[in-house]
Amino acid sequence: MNFPKFSMLSRLITTVCVLFLAACASLPDMDALRQPGPGKITPSVIGQNGALSPDRSAEIVRRLQRQQEGKTDLLSRHLAFMQAINSAPLWTSNAVRLLVDGTVTYRTMFDAIRRAQDHINLETYIFDEEGFGEKLGKLLIDKQRQGVQVNLMYDSVGSLPTRPEFFQQLRDAGIKVCEFNPVNPLRGNVFSLNNRDHRKILIVDGGLGYTGGINISSVYSSSSAIRQKRSGVPHPWRDTQIEVRGPAVKEFQRLFIDSWHRQGCDELAQKNYFPNVPQQGGTVVRILGSTPDDKINHIYVGLLSAITHAERSIHLTSAYFVPDRQTVEALKEAVRRGVDVQLVLAGVSDVWIALYAGRSYYDELLAAGVRIYERKNALLHAKSAVIDGVWSTVGSSNIDFRSFLHNDEVNAIVLGKDFAAEMESLFGADVAASARIEPDAWDKRGIRERLRESLARMWAYFL
C-alpha cells in the first residue's frame, strides 16, 4: 500500500485550528483535594469473583505494604488519598508483563490476536497503513472472517495520513470501525476538535489487555527511511508497553466501550465482552482512564499523589515533558525531603517545540537537585514511572498539558516490588544510554537555545 503525501500546509492548517479551538481547561488543585478524611480508609479491591469484603481488601493492602523495603510509607498514604477522591478500584488476581519497544510488542500482540476466539477491541491514536499496520489489517480481516468480532477505534488527527480506503477495506470485511472526533467539520464536532483520543488499548477476549505508548505505526519499522518519513527523525523509537492478564482487563473494556458509545459509533455486535476471568496471578493493578470532561483527572492526580507521598525514589521516563507548576513544585519538594528524583527525557523529538518547552524547566529543576538525563541514539516515546520501588505506571499519558487536559488517555498502575524491580532495571538501562545534563554545562548553553526554550514555553498549555 502506498503511503499518502500529507503536506506541511495541511498539517499547519490542522494545528492552527486545534490551537484556536482549545478550551481553557485547568488542572485540579491538589491542595484542595487534600481535605482531612474520616480516618483510615481501606481501598476497594475487586477480584475474579467481584468486590472483596472490607477485611479481605484490607489484608491485600497490608500484604502490599509489607513489600515496602526501607523507609517508605508510600502505599498506605497514596491509596487512602486515591480512595478519598473515589478513584477507580484496585484489581487483584492479575498477571502483568513488561514489553519494551515495538518489535517485541507487536509480535506479542499479534500472537494474542491470532489466538482470539470471541472478540478483539483495538483503540489507537495512530493507525498507519504501512509496515506493521498493513500486516495487522490483514490479520484483523482474517480474524473477522473466522467469526471473531473486531472493533477498531482510531483518532482522526493521529491517523490523518492514512487513506480512508484502508479503513474502508476493514469495514467491507465486517470489522466495526469508528473514527474518533472526525476532522471533517461536516461529520465531527468542530468545538471539540482539540480533544484527541491518545489511548492505546488492545483487548482480546475480555481477559487479556495491552496499553502503553506504542501506536500502530511505521516508526517501529526496522527501516530508518520509513521512520524518518513518519516522524522526521531517523532514529529507532524507544517505547514501553504492558500486558495485563486477569480481572483488571474489565476496566480496559469498560473504557473502550464508553469511548465507543460517546462517539456514537455503530452498535457493537453481541459478544462476551465481560467474561468471568479466572485468577492469573497475584498482582494488584489499577486502570485509570481520563477525558477532558472529567471533573478530576485521576491519571494526573494519581501521579502527583505518588510523587508527593514518595520517601525514597522517583524515577520518571517521559517522552514529552512539559510539566505544570504543581508537578514542578512536587518534584522540587521531593528532593528537599531527601528523595532521589531522576528524569529520563527525550534528547531528540518529532515535536521540536515540546522538546524545547520541556528544557525551559531544566534550570530550576537542576538547581533543586533533580537529576536529568536525555536519551541518546533513540527517540524516546515511553511514558512510565517507578516510585519507592513499589508503585509503577505504564500508559499513554505524557507529563504535559495536552495529556492531562485535552486528550483521552489511559494508564495502568501496578503495585508491588516485583514489577517495580523490572521497571527499575529498565530505567537503569535508559540512564546508561543517556547523557546527564550537568548544571554547569547547561548554564553555558547559547542564547539561541534559550530563545527557543522561551518561545516554546509560551505554547506550553497547548503541547
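Draft legend 1. Quick peek at the overall build of the chain. Helices and strands together make up the secondary structure of the chain, namely 17 helices and 22 strands. Split into buried and exposed, the 463 residues of the chain put 59% on the buried side. A total of about 19,000 Å² of accessible surface is found on the chain, and carbon and sulfur atoms cover 52% of it.

Draft legend 2. Inspection of unusual backbone geometry at higher detail. Of note in this structure, N86 is not a glycine but carries a positive phi near 60 degrees. Judged by its relative accessible area of 65%, N86 is exposed. Here N181, not a glycine, exhibits a phi torsion of approximately 45 degrees, which is positive. Tracing the sequence through the fold places N181 in the loop between β6 (176–180) and β7 (196–197). For N181, a relative accessible area of 8% translates into the label buried.

Draft legend 3. Inspection of the packing of aromatic side chains at higher detail. Considering all chains together, one arrives at 15 aromatic pairs under this definition. Aromatic pair Y106 and F110: ring centres 6.1 Å apart, planes at 50 degrees, arrangement tilted. Taken together, the residues span about one helical turn, with Y106 and F110 both in helix α5 (residues 102–114) at a distance of four residues. Y106 gets classed as buried once you look at its relative accessible area, which sits at 1%. By relative accessible area, which is 9% here, F110 ends up buried. Centroid distance F166 to F167: 5.5 Å. Interplanar angle 75 degrees. Geometry classified as edge-to-face. Note on F166: relative accessible area 2%, which makes it buried. An aromatic cluster of at least three residues, connected via ring pairs, comprises Y106, F110, F132, Y220 and W237. The ring of Y356 is capped by R359, whose NZ or CZ atom sits 5.3 Å from the centre of that ring. Over the aromatic face of Y361 sits the side chain of R457, whose NZ or CZ is 3.8 Å from the ring centroid.

Draft legend 4. Quick look at the state of the cysteines. Counting across every chain of the model gives one disulfide. Put simply, C178 and C265 are joined by a disulfide, and their sulfur atoms are 1.9 Å apart. Between C178 and C265, the S-S torsion sits near -55 degrees, and that sign places the bridge as left-handed. Of this pair, C178 sits in strand β6 while C265 sits in the loop between α9 (249–262) and β12 (283–290), and the two are 87 residues apart along the sequence. Since its relative accessible area comes to 15%, C265 is described here as buried.

Draft legend 5. Fine view of the packing of helix α10 (residues 298–309) against helix α11 (residues 325–336). Viewed as axis vectors pointing N to C, α10 and α11 meet at an angle of 20 degrees, and their least axial separation amounts to 9 Å. Here α10 is positioned roughly parallel relative to α11, judged by the angle of their axes. Our pair here, α10 against α11, has a crossing hand that is left-handed. Touching Y300, L304, I307 and T308 of α10 are Q326, T327, A330, L331 and A334, all from α11. For the contact of α10 with α11, the per-class residue count stands at six nonpolar, three polar and no charged.

Draft legend 6. Structural context of the pairing of strand β11 (residues 240–245). Where burial is concerned, most of β11 is hidden: five out of the six residues are buried. Of the strand pairs in this sheet, strand β3 (residues 90–100) and β11 are connected by six bridges, and their pairing is antiparallel. Note on β11: the bridge partner recorded for V96 is V244. Two elements, strand β9 (residues 208–212) and β11, share five bridges in a ladder whose sense is antiparallel. Bridge pairing links G212 to Q241 in β11.

Thresholds, definitions, all that
- Residues numbered from 1 in each chain as written.
- Predicted model: local features only at pLDDT ≥ 70, side-chain atom pairs only at ≥ 80, totals over all residues.
- Heavy atoms only, no water.
- Helix = DSSP H or I, 4+ residues; strand = E, 2+ residues; numbered from the N terminus.
- Buried < 20%, exposed > 50% of the residue type's maximum accessible area, 1.4 Å probe, protein only.
- Areas by Shrake-Rupley, 256 points an atom, 1.4 Å probe, with all protein chains shown as cover.
- Phe/Tyr/Trp six-rings, centres within 6.5 Å; stacked < 30°, edge-to-face > 60°.
- Lys NZ or Arg CZ within 6 Å of the ring centre and 35° of its normal.
- Disulfide = S-S within 2.5 Å.
- Axes fitted to C-alpha atoms, helices over the stretch in contact; angles between N-to-C directions.
- Parallel < 35°, antiparallel > 145°, perpendicular 65-115°, else oblique.
- Left-handed = near helix turned anticlockwise from the far one by under 90°.
- Contact = heavy atoms within 4.5 Å.
- Nonpolar A, V, L, I, M, F, W, Y, C, P; charged D, E, K, R; others polar.
- Pairing = 2+ DSSP bridges.

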